[in-house]
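# Structural characterization, general
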Amino acid sequence: MALDALSDVSDEALLVLYANGDQAAARALTLRLTPRAFGFAARVLSDRAEAEDVVQEAMLRLWRVASDWRQGEAKISTWLYRVVLNLCTDRIRKKRPSALEDVAEPEDDTPGAQAGLIERDRMQALEAALARLPDRQRQAVVLRHLEGLGNPEIAEVMDIGVEAVESLIARGKRSLTAILSPRRAELGYDNEV
Amino acid sequence: MTTKFEMGEEDLDGLFAEARADAPLPPGSLVQRIEAAALAEQAGRASRPPLRANIPSRGLMPHLSGWFRGLGLTAGLATATLAGVWLGAVQPAGLSSVTDSVSRALGVTASLDRVDLIPAFDPFQSEG
C-alpha cells in the first residue's frame, strides 16, 4: 500500500496492517511514532544518545507485540509513551547518584546572555530547568505541556491517578517558575505583570 | 500575583509553546534502524505459521465438542443415537420373521410383537 494512502489510517489499523506483512505500514508507523517517542525520551533524559537507544528498544517491543495487540484496549501512542517512560526511568536509576535533578544549572556565561537570550537559549534554559525537576514532576510536565497529552492519558502512561498527575504538574510548574524567574529578564520577559 | 522578578503563567505557557514547536527530532539513522528492525521482525514472523485468531465460540456444538473432547466422540454418539431411533421407528423385516416362527412353535396365535403393556385387572377383581 502506498505511504500517502496511509496518512489517514489510525495507528491501530496500521499495526494490524504491519502484523499482516504490509511493509508500507511499517514505514508509516516508524515515521509517525519515532519523532514523538524520541522527543519525549530526549526531554526526559536530557540526553539524545540515550534517547536513541530507548526509542529503538521501545519500537522493537512494539513490532514484537504487533500480532498480539488487543485492539480497543489501549492507544498505541499511550502504550509507547509508557514503554519509553519505563525505559527512561530504568536508565535514570542506573545513572544515580548523579541523577538529572541533582545536576546543577549550568553557568550561563555566554556572550549572548549579556545581550539577551535568543530563542535557542530560551529552549536551553527550559531544558536545564526541566532537568532540575524531580523525575516524576519532569515527566508529568513534559507529557502535559510539551507532548500535549490530557491528564487521564498521562495518568495511564505514568500508572497513577489523575489527581496525582494534576499535583505533579502544578508542583512542577511552580518549580520551573522558581528556577526560571531569576533569569526572567534574560529570557526576554521583562514586562511587569 | 507575580512581580517583575517572577515568571508569569503566560510566560511559562509561551515557553512551552516555543518548546513544542522546537521538539527534538530523531536523526535519520535512528529512523532507518527502527524501520529495518520492523521489516526484519516482519520477515521473521512471515516464516512462522500464522497465529490463530482467538475468537470466542458461540452456539451449542462448540460447547458439546468441548465437553466430549473433540468432534470424533461427538460424531460417534450422534451416530449411535440416530441408529437407535431408526431401529425403534422402523422394525426390520428380519425381526418379524423370527417372532412369527417362535409364535408358530409355541402355538400362539397372537403376534408376539403385540405386547399388552397395560393388562386388565379383571381376573384379580373377580377373586374378590
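As shown above, the structure is provided for reference.
The structure presented is a predicted model; accordingly, all values stated were derived computationally and were not measured.

## Observations concerning the overall build of chain A
Looking only at helices and strands, chain A features nine helices and zero strands. Helices (α) and strands (β) of chain A occur, in sequence order from the N terminus, as α-α-α-α-α-α-α-α-α. Residue burial in chain A is summarised as follows: out of 193 residues, 48% are buried. Excluding contacts between residues fewer than 6 apart, the proportion of contacts in chain A whose partners are at least 24 apart in sequence is 64%. If you sum the accessible surface of chain A, you get close to 9,300 Å²; carbon and sulfur atoms cover 47% of it.

## Structural notes on the nonpolar core
Tyr18(A), Val84(A) and Leu180(A) are the most contacted members of the largest nonpolar core, which has 68 residues in total. Per-domain counts for this core show at least three residues from each of domain 1 (1-95) and domain 2 (108-193) of chain A. When residues no more than four places from it in sequence are discounted, the contact partners of Leu180(A) are Ala125(A), Leu126(A), Ala129(A), Leu187(A), Met7(B), Leu12(B) and Leu15(B).

## Focus on the interface of chain A and chain B
In this complex, chain A contributes 44 residues to the contact, which on the side of chain B involves 34 residues. For the pair chain A and chain B, the two sides together bury roughly 3,700 Å², of which 61% comes from carbon and sulfur. Run the count over chain A and chain B and you get seven salt bridges. In this structure, Glu41(B) engages Arg64(A) in a salt bridge whose closest nitrogen and oxygen atoms are separated by 3.6 Å. Seen at the junction of chain A and chain B, the total is 13 residue pairs in polar contact (both at pLDDT 80 or more). Broken down by secondary-structure element, the contributors of at least two residues to the side of chain A that touches chain B are helix H1 (11-19), helix H2 (23-45), helix H3 (48-65), helix H6 (119-131), helix H7 (135-146) and helix H9 (162-180) of chain A. The dominant element in the side of chain A that touches chain B, judged by the number of residues it contributes, is H2(A), at eleven residues. Residues that form the side of chain A that touches chain B fall into these classes: 22 nonpolar, ten polar and twelve charged.

## A closer look at the packing of helix H4 (residues 76-95) of chain A against helix H8 (residues 151-158) of chain A
Residues and elements named next belong to chain A. Interhelical geometry of H4 versus H8 gives an angle of 45° and a closest axis separation of 8 Å. Between H4 and H8, the angle is such that the two are oblique. For the crossing formed where H4 meets H8, the hand is right-handed. Residue-level contacts link Ser77, Thr78, Tyr81, Arg82 and Leu85 of H4 to Glu153, Glu156, Val157 and Met158 of H8.

## Points about H7(A)
Spanning twelve residues, H7(A) covers 15 Å between terminal C-alpha atoms, matching the ideal 16 Å at 1.5 Å per step. H7(A) sits mainly inside the fold: ten of its twelve residues count as buried. Asp135(A), Gln137(A), Arg138(A), Gln139(A), Ala140(A), Val141(A), Val142(A), Leu143(A), His145(A) and Leu146(A) are the residues of H7(A) that are buried. In this structure, the buried side of H7(A) is in contact with H2, H4, H6, H8 and H9 of chain A together with helix H1 (9-21) of chain B.

## Here's the deal with the pattern of salt bridges
If you walk through the whole model with that rule in mind, you get 15 salt bridges over all chains. Arg61(A) is the partner of Glu57(A) in a salt bridge, and the nearest nitrogen-oxygen pair spans 2.9 Å. Here Arg61(A) and Glu57(A) lie together in helix H3, a separation of four residues that amounts to about one turn. With a shortest N-O distance of 3.9 Å, Asp13(B) and Lys173(A) are connected by a salt bridge. Of the two residues, Asp13(B) is situated in helix H1 and Lys173(A) in helix H9; the pairing between them involves two chains. The class for Lys173(A) is buried, based on a relative accessible area of 13%. Taken together, the shared-partner salt bridges connect Glu50(A), Asp53(A) and Arg91(A) into one network.

## What to know about the packing of aromatic side chains
The relation between two aromatic rings is expressed through the spacing of the ring centres and the mutual angle of the planes. Residue and element names in this part refer to chain A. Applying the stated criterion across every chain, the model contains three aromatic pairs over all chains. Summarising the aromatic geometry, the rings of Tyr18 and Trp63 are spaced 4.9 Å apart at their centres and angled 45° between planes, so their arrangement reads as tilted. Here Tyr18 is found in helix H1, whereas its partner Trp63 is found in helix H3, with 45 residues between them in sequence. An identical accessibility class is assigned to Tyr18 and Trp63; each is buried. With a centroid separation of 5.7 Å and 85° between ring planes, the pair formed by Trp69 and Trp79 is classed as edge-to-face. Of this pair, Trp69 sits in the loop between H3 and H4 while Trp79 sits in helix H4, and the two are ten residues apart along the sequence. In this structure Trp69 comes out as buried when scored by relative accessible area, which is 15%.

## Considering the packing of H3(A) against helix H2 (residues 28-46) of chain B
The geometry of a pair of packed helices is captured by two quantities: the angle between their axes and the separation between those axes. In contact at an axis separation of 10 Å, H3(A) and H2(B) are set at 25° when each is read in the N-to-C sense. The angle between H3(A) and H2(B) falls in the class roughly parallel. For the pair H3(A) and H2(B), the crossing hand works out as right-handed. For the pair H3(A) and H2(B), contact is made by Glu52(A), Val55(A), Gln56(A), Met59(A), Leu60(A), Trp63(A) and Arg64(A) and by Leu30(B), Arg33(B), Ile34(B), Ala37(B), Ala38(B), Glu41(B) and Arg45(B), respectively. Among the residues forming the contact of H3(A) with H2(B), the class breakdown is eight nonpolar, one polar and five charged.

What counts as what
Residues numbered from 1 in each chain as written. Chains lettered and ligands numbered in written order. Predicted model: local features only at pLDDT ≥ 70, side-chain atom pairs only at ≥ 80, totals over all residues. Heavy atoms only, no water. Helix = DSSP H or I, 4+ residues; strand = E, 2+ residues; numbered from the N terminus. Buried < 20%, exposed > 50% of the residue type's maximum accessible area, 1.4 Å probe, protein only. Contact = heavy atoms within 4.5 Å. Areas by Shrake-Rupley, 256 points an atom, 1.4 Å probe, with all protein chains shown as cover. Core = buried A, V, L, I, M, F, W, Y, C linked by side-chain atoms within 4.5 Å. Domains from an automatic or database assignment. Buried area = accessible area lost by both parts, 1.4 Å probe. Salt bridge = Lys/Arg side-chain N within 4 Å of Asp/Glu carboxyl O. Polar contact = N/O pair within 3.5 Å; in protein donor to acceptor, adjacent residues only side chain to side chain. Nonpolar A, V, L, I, M, F, W, Y, C, P; charged D, E, K, R; others polar. Axes fitted to C-alpha atoms, helices over the stretch in contact; angles between N-to-C directions. Parallel < 35°, antiparallel > 145°, perpendicular 65-115°, else oblique. Left-handed = near helix turned anticlockwise from the far one by under 90°. Expected span 1.5 Å × (residues − 1). Phe/Tyr/Trp six-rings, centres within 6.5 Å; stacked < 30°, edge-to-face > 60°.

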